[in-house]
Amino acid sequence: MTAITADIVAVPRIIRSPGFWHGVIRRLSRDPVALVALCIVIALIAIAILAPYLAPYDPAKTSVIRRLKPIGTPGYLLGTDELGRDMLSRLIYGARLSLVMGVIPVPIAFIIGSTIGIIAGYAGGIVNTLIMRTVDVFYAFPSVLLAVALSGALGSGLTNALVSLTVVFIPQIARVAESVTTQVRRLDYVDAARASGANAPTIIVVHVLSNVLGPIFVFATSLISVSMILASGLSFLGLGVRPPDAEWGLMLNSLRTAIYVNPYVAALPGVMIFVTSICFNLFSDGLRTAMDVKS
Amino acid sequence: MLAYGLKRLLHVIPVAIGVSIVCFMLIHIAPGDPLAAILPSDASAELQAEMRSFYGLDKPLPVQYALWAWRALHGDLGVSIASGRPVLGEILSASINSIILAVAATMIGFTFGAVLGFLAGVFRGTWIDRIASAISMIGVSVPHYWLGMVLVIVFSVRLGWLPAMGGGPGGSDGKAVGWDYLRYLILPAITMSVIPMGIIARTIRSLVADILAQDFTQALAAKGLLTGQIMRHVIRNAAPTAISVMGLQLGYLLGGSILIETVFSWPGTGFLLNGAIFSRDLPVLQGTILVLAMFFVLVNLVVDVLQSAIDPRIQRS
């Protein structure tokens, strides 16, 4: 008798499936494009962290005699900017503020937006209507316009830019969170949990969160690319970080006047924004494909 | 369709009121006294007191909003601090340029995006699909303000074929049709077209692939129709969604033109907005954002209703 029980208990352990995330990682590891993109993103983050050790010069050190040197000048591999500052060092240091401005708003908006959206989706009824109509108002602005409006009113500066971008992304994430939560809420197993006496917080934490966070997360990763472009765009308009800080969008703006003298150096900060943005996009695409169990 | 249009309109009105509240609040989230934001810094004490009561700044916020909204509805968006002219007039004269640019960009973007997406959807999984997908990926990932700079570097600085900035020869006020003016439009329009191109290509690719996977296209092939005839059915089925995406993109481009208009000094609403930010001209900032956001809401409504008119199956709940 005891032997039989032990057998029955042992069976589920043997046939246990490796789990959803295990499969996602396995599928991702077979996607060379997503992997290369992820490696470049990790490298950019490493460059940002290790900037003081990697940069050959002080990014703020100006010099009147070596202004706008072309790419390949001995000692100044990527040339110098309009104030004679070393471009390579500024691009390396620029990764810090550019990544902070571009990436940080998305996780903050992810936390706030999914909280709002899940509450609205789970509660339904009047709560849903109130929350979602408010979200609709912010969603009714084109993203660029809302970001510019808020940081234009608040004034330039890193914090104001971060706040503006976060406000831009909260409604987008909240809408996705609301729609997936509404779908999950109607499923039979949620009804079953409610029938068996589970209260709302338990159902949300145990049954809803585990099923909605994945899709919301994938959507949020796709926003990082947009956020990078928007964040640097704000700096480009003079609404993000202030000079003399090194940030790619701001560098692009201050080098605009140099396109007649040294066009290749002037275009460099944009290359960095482009590479970062496309790598986040490619990785997000790979992640979405890997998480799509149906295909 | 009329009923659906009315239903959408009823849905849009609260959103429009909400949008106007956000725009109204812009002056109040700005640091400092709102009065300082709408008056020049050297305004006399009497003028300040007069304007405070004129704008109702001594009254509670909801009353202030009602007064502001009432004036805005009658076309009074205040006076520009920088130029001293009424804000609405400045916006209207700038918006013509923005509309020209956005329409041109949407047309270019739609043409190339539709061709790319169609080819990618028909030849799904082949090298054509991969190239088209790569182009649309680049289109949605490229910082367009940088792309504008690169195009200026290539076509203006290096080759000298096209002007680098401005809305036309001899300033920007003249309006005429002709090569002299068209030259100024080419680079900004191409730069701007990259955004809708990528999105439209992606949309049409998945539409075409979905339609081709449906039974009816196989039935058409079994019936003996030629490939070209089958494609006509595919296009007719993809058109309503594709056109509505195009309409929404036009709205996005009109509202989000600030970066490209700044790069090219194109004298539209985005350029006006940039100037207002630079000089902290809050009435212009607020007015421009209000007009652009309202226009975007309107475009959304029109696209929704038109789409349901073309294809009654599609009605947003």
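Residues numbered from 1 in each chain as written. Chains lettered and ligands numbered in written order. Predicted model: local features only at pLDDT ≥ 70, side-chain atom pairs only at ≥ 80, totals over all residues. Heavy atoms only, no water.

## Concerning the overall build of chain A
Then, in step 1: On a plain count of helices and strands, chain A comes out with 13 helices and 0 strands.
Then, in step 2: In chain A, the succession of helices and strands from N to C terminus is α-α-α-α-α-α-α-α-α-α-α-α-α.
Then, in step 3: In terms of C-alpha radius of gyration, chain A reaches 24 Å, well past the compact-globule figure of 19 Å for 295 residues.
Then, in step 4: Considering only C-alpha atoms, chain A reaches an extent of 90 × 50 × 30 Å along its principal axes.
Then, in step 5: For chain A, the proportion of its 295 residues judged to be buried stands at 50%.
Then, in step 6: Once local pairs closer than 6 in sequence are excluded, the contacts in chain A between residues at least 24 apart make up 72%.
Then, in step 7: Of the roughly 13,800 Å² that chain A leaves accessible, carbon and sulfur atoms contribute 70%. (Helix = DSSP H or I, 4+ residues; strand = E, 2+ residues; numbered from the N terminus. Rg over C-alpha atoms; globule rule 2.2 N^0.38 Å. Buried < 20%, exposed > 50% of the residue type's maximum accessible area, 1.4 Å probe, protein only. Contact = heavy atoms within 4.5 Å. Areas by Shrake-Rupley, 256 points an atom, 1.4 Å probe, with all protein chains shown as cover.)

## Let's talk about the UniProt feature "domain: ABC transmembrane type-1" (unreviewed entry) in chain A
Then, in step 1: When the UniProt feature table is mapped onto this chain, "domain: ABC transmembrane type-1" (unreviewed entry) is found at residues 95-284 of chain A.
Then, in step 2: Along residues 95-284 of chain A the backbone is 83% helical and 0% strand, and the end-to-end C-alpha distance reaches 20 Å. (UniProt positions renumbered as here; feature names shortened; annotations may be inferred.)

## Thoughts on the environment of Phe274(A)
Then, in step 1: Along the polypeptide, Phe274(A) turns up in helix H13 (residues 263-291).
Then, in step 2: With relative accessibility at 17%, the residue Phe274(A) sits in the buried group.
Then, in step 3: Separated by 93 residues in the primary sequence, Phe274(A) and Thr181(A) have C-alpha atoms spaced 34 Å apart.
Then, in step 4: Those residues within four positions of Phe274(A) in sequence are excluded, and the remaining contacts are Ile138(B), Ser141(B), Val142(B), Pro143(B) and Trp146(B).

## Concerning the interface of chain B and chain A
Then, in step 1: The partner chain A presents 41 residues to the 45 residues of chain B that form the contact.
Then, in step 2: Of the roughly 3,800 Å² buried between chain B and chain A on both sides combined, carbon and sulfur atoms contribute 78%.
Then, in step 3: On the chain B side of the contact with chain A, Tyr145(B), Trp146(B) and Met149(B) bury the most area, a combined 17% of that side's loss.
Then, in step 4: In this structure, the salt-bridge partner of Arg202(B) is Asp285(A), at a minimum N-O distance of 3.5 Å.
Then, in step 5: The tally of links from chain B across to chain A stands at 6 residue pairs in polar contact (both at pLDDT 80 or more).
Then, in step 6: Within the residue set of the side of chain B that touches chain A, elements represented by two or more residues are helix H1 (2-29), helix H6 (127-141), helix H7 (144-158), helix H10 (227-255), helix H11 (258-263), helix H12 (269-278) and helix H13 (282-310) of chain B. (Buried area = accessible area lost by both parts, 1.4 Å probe. Salt bridge = Lys/Arg side-chain N within 4 Å of Asp/Glu carboxyl O. Polar contact = N/O pair within 3.5 Å; in protein donor to acceptor, adjacent residues only side chain to side chain.)

## Structural notes on H12(B)
Then, in step 1: Burial within H12(B) is extensive, with 7 of its 10 residues counted as buried.
Then, in step 2: Buried residues of H12(B): Thr269(B), Gly270(B), Leu272(B), Leu273(B), Asn274(B), Ala276(B) and Ile277(B), and no others.
Then, in step 3: On its buried side, H12(B) packs onto helix H8 (143-154) of chain A together with helix H5 (87-122), H10, H11 and H13 of chain B.
Then, in step 4: Positive backbone phi, at 50°, marks Arg280(B), one or two positions downstream of H12(B).

## Overview of the packing of aromatic side chains
Then, in step 1: Applying the stated criterion across every chain yields a total of 8 aromatic pairs over all chains.
Then, in step 2: A ring pair is formed by Phe274(A) and Trp146(B), whose centres lie 5.7 Å apart and whose planes are at 35°; its orientation type is tilted. On the criterion of chain membership, the pair formed by Phe274(A) in helix H13 and Trp146(B) in helix H7 is interchain, its members lying in two chains. Trp146(B) shares its class with Phe274(A); the two are buried.
Then, in step 3: Ring centres of Phe155(B) and Trp161(B) lie 6.0 Å apart, and the angle between their planes is 45°; on these two criteria the pair is classed as tilted.
Then, in step 4: Judged by relative accessible area, Phe155(B) falls into the partly exposed class, the value being 26%.
Then, in step 5: Clustering of aromatic rings is evident, with ring pairs tying together Phe24(B), Tyr65(B) and Trp68(B).
Then, in step 6: Its guanidinium or amino end placed over the ring of Tyr139(A), Arg175(A) lies 3.9 Å from that ring's centre, counting from NZ or CZ. (Phe/Tyr/Trp six-rings, centres within 6.5 Å; stacked < 30°, edge-to-face > 60°. Lys NZ or Arg CZ within 6 Å of the ring centre and 35° of its normal.)

## Topic: the packing of helix H8 (residues 179-213) of chain B against H10(B)
All names here are of chain B.
Then, in step 1: Where H8 meets H10, the closest approach of the two axes is 9 Å, and the angle between their N-to-C directions is 150°. Our classification of the angle between H8 and H10 gives roughly antiparallel. Between H8 and H10 lies a crossing of right-handed hand. Residues Met-192, Ile-195, Pro-196, Ile-199, Ile-200, Thr-203, Ile-204, Leu-207, Val-208, Ile-211 and Leu-212 of H8 pack against Met-231, Val-234, Asn-237, Ala-238, Thr-241, Ala-242, Val-245, Met-246, Gln-249 and Leu-253 of H10.
Then, in step 2: Residue composition of the contact of H8 with H10, by class: 17 nonpolar, 4 polar and no charged. (Axes fitted to C-alpha atoms, helices over the stretch in contact; angles between N-to-C directions. Parallel < 35°, antiparallel > 145°, perpendicular 65-115°, else oblique. Left-handed = near helix turned anticlockwise from the far one by under 90°. Nonpolar A, V, L, I, M, F, W, Y, C, P; charged D, E, K, R; others polar.)

## Looking at the pattern of salt bridges
Then, in step 1: Under the counting rule described, the total for this entry stands at 8 salt bridges over all chains.
Then, in step 2: A salt bridge links Asp191(A) to Arg194(A), with the nearest nitrogen and oxygen atoms 3.2 Å apart. A residue pair is termed a helical-turn pair when its members lie 3 or 4 positions apart in one helix, as Asp191(A) and Arg194(A) do in helix H10 (residues 188-195) at 3 residues.
Then, in step 3: Residue classification places Asp191(A) among the partly exposed residues on the basis of a relative accessible area of 36%.
Then, in step 4: Glu90(B) is the salt-bridge partner of Arg85(B), the closest N and O atoms lying 3.2 Å from each other.

## Regarding the nonpolar core
Then, in step 1: In terms of nonpolar packing, the biggest core is built from 139 residues, with Phe141(A), Val148(A), Val19(B) and Ile289(B) touching the most fellow members.
Then, in step 2: Here the element with the most residues in this core is helix H11 (residues 200-236) of chain A; it accounts for 15 residues.
Then, in step 3: Apart from the residues within four sequence positions on either side, Val148(A) is in contact with Leu234(A), Leu237(A), Leu239(A), Ile258(B), Leu273(B) and Ile277(B).
Then, in step 4: Among the nonpolar cores identified, the runner-up in size contains 13 residues, and Ile200(B), Leu207(B), Ala242(B) and Val245(B) belong to it. (Core = buried A, V, L, I, M, F, W, Y, C linked by side-chain atoms within 4.5 Å.)

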